[in-house]
Amino acid sequence: MTTSSLAGAGAVDSLALSVPTGLWIGGRSRSASDGSAFAVLDPATGEELAQVSSASVDDALAAVDAASGAAAAWAAVAPRQKAEILRRAFELMIERQEDLARLITMENGKALADSRSEVAYAAEFFRWYSEEAVRIQGTLETAPSGANRILVLHQPVGVALLITPWNFPAAMATRKIGPALAAGCTMVLKPASETPLTALALVALLEEAGVPAGVVNVIPSKRSGALSRALLADERVRKISFTGSTEVGRVLLELSAKTVVNASMELGGNAPFLVLASADLDAAVAGAMVAKLRNGGEACTAANRFFVHRSIAEEFSKRLADAMRALVVGPGLDAHTNIGPLVNDETRAKVASLVDGAVGEGARVLVGGHAVAGAGSFYEPTVLIDVAPGSAILQEEIFGPVAPVVVFDDVAEAIRLANATEYGLVSYVYSADLAEGLRVSEALESGMVGLNRAVVSDPAAPFGGVKQSGLGREGGHEGVLDYLESKYIAVSW
Ligand code: NAP
C-alpha cells in the first residue's frame, strides 16, 4: 500500500462547496466567543485539514437562543413548503455528491466509494422526509362512552439537541435533521470533533435550499461534556437525539432525566452474523464482506461476531480470508483503495489490542492481524478463527476490519451465543431455508435483522436497537414521530 498524501492542508478549499469553519448560529458563521479552535486531521496522513471553532457553553446557549427564536415561525411553515425545502436539499446533495464524498473521505478517512454511498444514503433522508412532511396525520374517534370525540394531533416536540458520531458524518446528521425539519422542530447540532466539516457543509447547503436562519444551528466543540450539561439543563431544549457509544448515551440519559427531556438514543452494536448449515456459501461470504467492511468496519451495524455451522466453517473462513487478502488498503481518496485508514490512532490501537488479546487466548490469524507501519491509521483486514468464547473481541465493538469466527453445532446454541451481549442493534442470518431463517430472526434480540442480506439501513425503514443499543427509531414513518408530541383534545359538539 501507499501512504502518499492526497488530501492535506488546503485540500478542502479545492472543493466546489461552501465549508464554513466557524460555528453556525442564527444563519451565520462566527468564531467561538473565547476564540477557541481545534484542528481537523486527515487520518491518511495525520496532516491538518482545517482549524474549526470550538463552541463554549455561552456559544451553545446562543445556539439555543437562535433555535428557540426560530421555533414558532418554522412550526407554522406549511407542510408543503417544508417538503419543498427538504426536496431541494436532497437535490443539492446529489448535485454535489462527489465533492461532499471527497470532504467526508478527507476528514474521516474512509474509501471514496464508501463516502459516495454515504452521501447518496444521507441525501435520501431529505427526500424521504420531504415526502413524510405532508403526511403527518392525526385521528378523530368517538369516545367509548359516546359522550365526546377524541381528537389527536401531533405537534413539534420543540428545540432539539442533535449529537452525531464521526463514522457517518453526513448520514447520521441528515437522519436527524430530515425528520426534525419535517416535524417542525428547530435544532442545535453538535457533530463529532473528528468530522465537523461535513456538518458545516450541510448546514450551508440547507440554508441555500431555503431553511430559514436559526432553524438549524451547528456547534462543533472540543468541550462536548460541558456543552451537553448546559444544554440539557436549559428548559428550552425539549429533545435530545444522540448517535454514538452506549457509554456516552448513558451519561446523556442521566442528564436528560433532570429536565425530563424526550430522548432518542442510537448506540453501539455487537452484531452477530449467523451462517446456518443450509446457507448459500457464496452469498454468505459476499454478505460477510459487506456487513464487516462497509465503512472499513467502522459502523454500528458492522458484523462483529461470525457464528458459522461446523459443517461449513472451514470453507467459509478460508473464502472470507481470501476475499480480505485481495483488498487494497490505502488512502481513501486513491481510486484503487478498498479500505481506508481508521479514523485515528486511538481507534487503531483499540483494534490492535482486541486482536492481540484474542491471539494471546489461542485465536489463529488466517489473514492480517497487524497495524500497517508508517503514516496514517491503517489496519490490515483480518480473519481470526478458534476464538475463545470469553474473548474481549466477542464482547466489545471492534470498529475495524476484523472478523472473528466462532463455530457452532446447533441452531439453538448459535442463537444463545448471538444473544449473549448487552447490545441489540442488528443481526445477520444466512440460511437457504426461509422458514428456519425467519424463526431464527424472530429469536434474535436485536432491533433489526438482515436475512440473507448484508445491508439493512434504509431511510424508509425504522432503524434502531433494543437492549443497550438504544431507544427510539430513525427512518421510516417512526423517525418523524420521534420529533412529535401527541396532543389529545377531548371535544364535545
Ligand atoms: P462517542 O464517543 O460516543 O461520540 C459521539 C458523539 O458524542 C460525538 O459528537 C462526541 O463528541 C459526543 N460526546 C462525547 N462525549 C460526550 C459527552 N460527555 N456529552 C455529550 N456529547 C459527547 O462515539 P463515537 O466514537 O463518535 O462513535 C462511535 C460509536 O457510535 C460506536 O459505538 C457506534 O456503534 C455508535 N454508532 C451508533 C449508530 C446507531 O445508529 N446505533 C450509528 C453510528 C455510530 P466529540 O467528538 O467532541 O467527543
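Residues numbered from 1 in each chain as written. Predicted model: local features only at pLDDT ≥ 70, side-chain atom pairs only at ≥ 80, totals over all residues. Heavy atoms only, no water.

Participant: Just give me the short version of the side chain of K190, but keep the residues and values in it.
Facilitator: Within the element layout of this structure, K190 appears in strand β8 (residues 187-190). Of the side chains bearing the opposite charge, E194 lies closest to the buried K190, which forms no salt bridge; the N-O distance is 7.5 Å. (Helix = DSSP H or I, 4+ residues; strand = E, 2+ residues; numbered from the N terminus. Buried < 20%, exposed > 50% of the residue type's maximum accessible area, 1.4 Å probe, protein only. Lys, Arg positive; Asp, Glu negative; His and termini not counted. Salt bridge = Lys/Arg side-chain N within 4 Å of Asp/Glu carboxyl O.)

Participant: I'd like a rundown of the pattern of salt bridges, residues and numbers included.
Facilitator: Any two side chains of opposite charge can pair, so long as their charged atoms come close to each other. Counted according to the given criterion, the structure contains 23 salt bridges. Across the salt bridge formed by R88 and E91, the nearest N and O atoms sit 3.7 Å from each other. Placement of both R88 and E91 in helix α2 (residues 79-95) is noted, with a separation of 3 residues, approximately one turn of the helix. Assessed through its relative accessible area of 30%, E91 is described here as partly exposed. A salt bridge links R319 to E315; its shortest N-O distance comes to 3.0 Å. Note that R319 and E315 are positioned in helix α10 (residues 310-325) at a spacing of 4 residues, about one turn of the helix.

Participant: Would you mind going over the sheet that holds strand β20 (residues 484-491) in detail, with residue names and values included?
Facilitator: One open sheet accounts for 3 strands, arranged β5-β6-β20; its pairing is antiparallel. If you trace the sheet from one side to the other, it starts and ends with β5 (139-142) and β20, each paired once. Averaged over neighbouring strand pairs, the angle between their axes works out to 20 degrees when direction is ignored. Bridge analysis of β5 against strand β6 (residues 149-156) gives 4 bridges, and the strand direction is antiparallel. The residue bridging T139 from the neighbouring strand is V152, located in β6. (Pairing = 2+ DSSP bridges. Axes fitted to C-alpha atoms, helices over the stretch in contact; angles between N-to-C directions.)

Participant: Go over the site of the ligand with me, naming the residues and quoting the values.
Facilitator: In the vicinity of the ligand there are 31 residues, among which R175, S193, S245, L267 and E397 approach most closely. At 3.4 Å, a backbone N or O of G244 approaches an oxygen atom of the ligand. Side-chain polar atom of S245 to an oxygen atom of the ligand: 2.6 Å apart, as the coordinates give it. Elements with a minimum of two residues in the shell around the ligand: α5 (171-183), α7 (224-233), β10 (237-243) and α8 (246-259). Tallied by class, residues from the shell around the ligand come to 14 nonpolar, 12 polar and 5 charged. Domain assignment of the residues forming the shell around the ligand places at least three in each of domain 1 (3-267 + 469-490) and domain 2 (271-458). (Near = heavy atom within 4 Å. Polar contact = N/O pair within 3.5 Å; in protein donor to acceptor, adjacent residues only side chain to side chain. Nonpolar A, V, L, I, M, F, W, Y, C, P; charged D, E, K, R; others polar. Domains from an automatic or database assignment.)

Participant: Explain unusual backbone geometry residue by residue, including any values.
Facilitator: Unusually for a residue other than glycine, V260 sits at a positive phi of about 50 degrees. Taking the relative accessible area as the measure of exposure, V260 reaches 64% and is therefore exposed. Here the phi dihedral of F399 falls at roughly 55 degrees; this positive angle occurs in a residue that is not glycine. Relative to the elements of secondary structure, F399 occurs in the loop between α12 (392-395) and β16 (402-408).

Participant: So what about the domain arrangement of the chain? Which residues, and what values?
Facilitator: Each domain of the chain was delimited in the assignment, giving domain 1 (3-267 + 469-490) and domain 2 (271-458). Summarising the inter-unit geometry, the C-alpha centres of domain 1 and domain 2 are found 30 Å apart. In this assembly, 27 residues from domain 1 lie in contact with 31 residues from domain 2. In this assembly, domain 1 packs against domain 2 so that about 2400 Å² is buried in total across both faces, 60% of it on carbon and sulfur atoms. Inspection of the region where domain 1 meets domain 2 yields 1 salt bridge. Linking E422 and R250 is a salt bridge whose minimum nitrogen-to-oxygen distance equals 3.5 Å. One can count 9 residue pairs in polar contact (both at pLDDT 80 or more) joining domain 1 with domain 2. Those elements that place two or more of their residues in the side of domain 1 that touches domain 2 are α3 (97-108), α4 (112-132) and α8. Sort the elements by how many residues they give to the side of domain 1 that touches domain 2 and α3 lands first, with 4 residues. (Contact = heavy atoms within 4.5 Å. Buried area = accessible area lost by both parts, 1.4 Å probe.)

Participant: An account of the packing of aromatic side chains is requested, with residue identities and associated values reported.
Facilitator: Here the structure, examined in full by the defined rule, presents 6 aromatic pairs. Where Y121 meets F125, the ring centres are 5.0 Å apart and the plane angle is 70 degrees; that geometry is what we call edge-to-face. Highlighted residues: Y121 and F125, both in helix α4, separated by 4 residues, approximately one helical turn. Accessibility expressed as a relative area gives 1% for F125, which makes it buried. One aromatic cluster is present, formed by F273, F306, F316, Y428 and Y430 through successive ring pairs. The residue whose ring lies beneath R175 is F463, and the NZ or CZ to ring-centre distance is 4.1 Å. (Phe/Tyr/Trp six-rings, centres within 6.5 Å; stacked < 30°, edge-to-face > 60°. Lys NZ or Arg CZ within 6 Å of the ring centre and 35° of its normal.)

Participant: Can you explain the packing of α2 against helix α6 (residues 196-209)? Please cite residues and give values.
Facilitator: Close contact between α2 and α6 brings their axes to 8 Å; oriented N to C, the two are set at 130 degrees. Comparing their axes, α6 and α2 come out oblique. In this structure, the crossing between α2 and α6 has a hand that is right-handed. Contacts between α2 and α6 involve I85, R88, A89, L92 and M93 from the first element and L202, L205, L206, E208 and A209 from the second. (Parallel < 35°, antiparallel > 145°, perpendicular 65-115°, else oblique. Left-handed = near helix turned anticlockwise from the far one by under 90°.)

Participant: Describe in detail the side chain of S130, supporting the description with residues and values.
Facilitator: Relative to the helices and strands, S130 resides in helix α4. Classification of S130 by relative accessible area gives buried; the value is 6%. Of the polar contacts made by the side chain of S130, one reaches the backbone oxygen of R127; its length is 2.6 Å. Residue contacts for S130: discarding those within four places in its chain leaves A83, L86 and R87.

Participant: Talk me through the sheet that holds strand β15 (residues 382-385); I want residue IDs and the actual numbers.
Facilitator: Across a sheet, strands are paired by hydrogen bonds formed along the backbone, either parallel or antiparallel in direction. Strand order in the open sheet formed by 7 strands is β14-β15-β16-β13-β12-β17-β18, and the pairing between neighbours is mixed. In this open sheet, the two edge strands, each paired with only one partner strand, are β14 (364-367) and β18 (448-451). Strand-to-strand, the axes of this sheet are offset by a mean angle of 25 degrees, without reference to chain direction. Bridge count between strand β17 (residues 426-430) and β18: 4 bridges; the pairing is parallel. Bridge pairing in β18 places S427 opposite V449. Taken strand by strand, helix α13 (residues 411-419) contacts β12 (271-275), β13 (303-309) and β16, and its axis lies near 165 degrees from that of β13.

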